[in-house]
Amino acid sequence: MRKKIVAGNWKMNTSISEGERLSAEIVEKSKDVDGVLLIVAPPFTHLTKVADKLRGSRTALSAQNCAAETSGAYTGEVAASMIAETGAAYCILGHSERREYYGETDETLNKKLRQCFAGNLSPIFCVGEKLAEREGNRHFEVIKTQLQNTVFNLEEEDFGKVIIAYEPVWAIGTGKTATPEQAQEIHAFIRKTLAEKFGAKACETSILYGGSCNPANAKSLFANGDVDGGLIGGASLKSDDFIAIAKSF
Ligand code: 13P
C-alpha cells in the first residue's frame, strides 16, 4: 500500500535556532500521529542541526534542492551525497519557485534526479500548471509533458522511490486552494499517466497535494482516493498547524 505523507517545505524561512525549535516541537506533538510519514525540509544550513532533533523520531528529513553535478568546481552548490550525509533521506526537486526564479529546466531536473538516486536520496518531485495554463484548459497537457520529460526517463527501480507533489502554481502562497474535485481529478490523471509508463507500480506512488493547504482544508483534500497527503509551505512553519494537517486523514 502506498504511504500517506505530510511534508513541510520551509522554503527560505526560520533561523537555525528557530528551525531546531520547530523540529523539536514537531517530534513532540507528532507522537500520537499514526500511519503518516512526516517529512520536514529546512534550508541546507539547518540540516545537521534539525537531523539531531529528529533522531529516533518518526519524522524524516529532506533538502529543498540539490546540485546537478556530483562534486567539483560548482560554487554555491550542494551535492546530493553531502545532503545524505546530514541524515536527510529526501530531496524536493522541480519546485515551481526553482523552475521560475532559478531557471531550472527539465534537462537540469533529469541530472538532479540522477544525483538523488546516486546519493541515496528519494526525490519529492513537483509538477504543476500556471494560472494561464489552467484557464486555457491546458493543465493536463502541461503536467503530462512535465512528467514525460523527467520522471518517464527513470529506471523502474528508481521510479519506485519517487514521491510526486502536484502543486498548481496559482495555489502556492496565494490562499487559493484547488478544490478537492480539482485535486482528485489531476491526481488521478497523474497516476494514470505514470501507469502508462510504469504500469502497476504507479499504484504505489504517493502523490501529494501542495498549494495553500492548511488545517481547515486538508481533510477534504486528503479524503480523495488519489490524494496521498500534502506538501505544505506556510502552514508547515507552525507546529500546531503542521500536526493538525498530519491528523487530517
Ligand atoms: P503554501 O502552502 O505556502 O501555499 O506553499 C506550498 C508549497 O509551495 C510547498 O512546496
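Reading the values: the criteria
Residues numbered from 1 in each chain as written. Predicted model: local features only at pLDDT ≥ 70, side-chain atom pairs only at ≥ 80, totals over all residues. Heavy atoms only, no water. Phe/Tyr/Trp six-rings, centres within 6.5 Å; stacked < 30°, edge-to-face > 60°. Helix = DSSP H or I, 4+ residues; strand = E, 2+ residues; numbered from the N terminus. Buried < 20%, exposed > 50% of the residue type's maximum accessible area, 1.4 Å probe, protein only. Lys NZ or Arg CZ within 6 Å of the ring centre and 35° of its normal. Pairing = 2+ DSSP bridges. Right-handed = clockwise from strand over helix to strand, strands pointing away.

**Q** For this particular structure, what's the right way to read the packing of aromatic side chains?
**A** Aromatic ring pairs are defined here through the distance separating the ring centres and the angle between the ring planes. Counting across every chain of the model gives 6 aromatic pairs. Centre to centre, the rings of phenylalanine 152 and phenylalanine 198 are 6.4 Å apart; their planes meet at 80°, and the pair counts as edge-to-face. Highlighted residues: phenylalanine 152 in the loop between α7 (139–148) and α8 (156–159) and phenylalanine 198 in helix α9 (residues 180–198), separated in sequence by 46 residues. Note on phenylalanine 152: relative accessible area 14%, which makes it buried. The exposure class assigned to phenylalanine 198 is buried, which follows from its relative accessible area of 6%. A network of ring pairs unites the aromatic residues Phe152, Phe159 and Phe198 as a single cluster. The ring of tyrosine 102 has arginine 98 sitting right over it, with the charged end atom 4.2 Å from the ring centre. A cation over a ring is seen here: lysine 197 above phenylalanine 198, with NZ or CZ 6.0 Å from the ring centre.

**Q** I would appreciate a short explanation of the pairing of strand β1 (residues 5–9) in the present structure.
**A** Consecutive residues of a regular strand have side chains that alternate between opposite faces of the sheet. Counting buried positions over the 5 residues of β1 gives 5, a clear majority of the element. Here β1 pairs with strand β2 (residues 37–41) via 5 bridges, running parallel. For glycine 8, the partnering residue across the bridge sits in β2 and is valine 40. Where the polypeptide runs from β1 across helix α1 (residues 16–29) and back to β2, its parallel neighbour, the crossover connection is right-handed.

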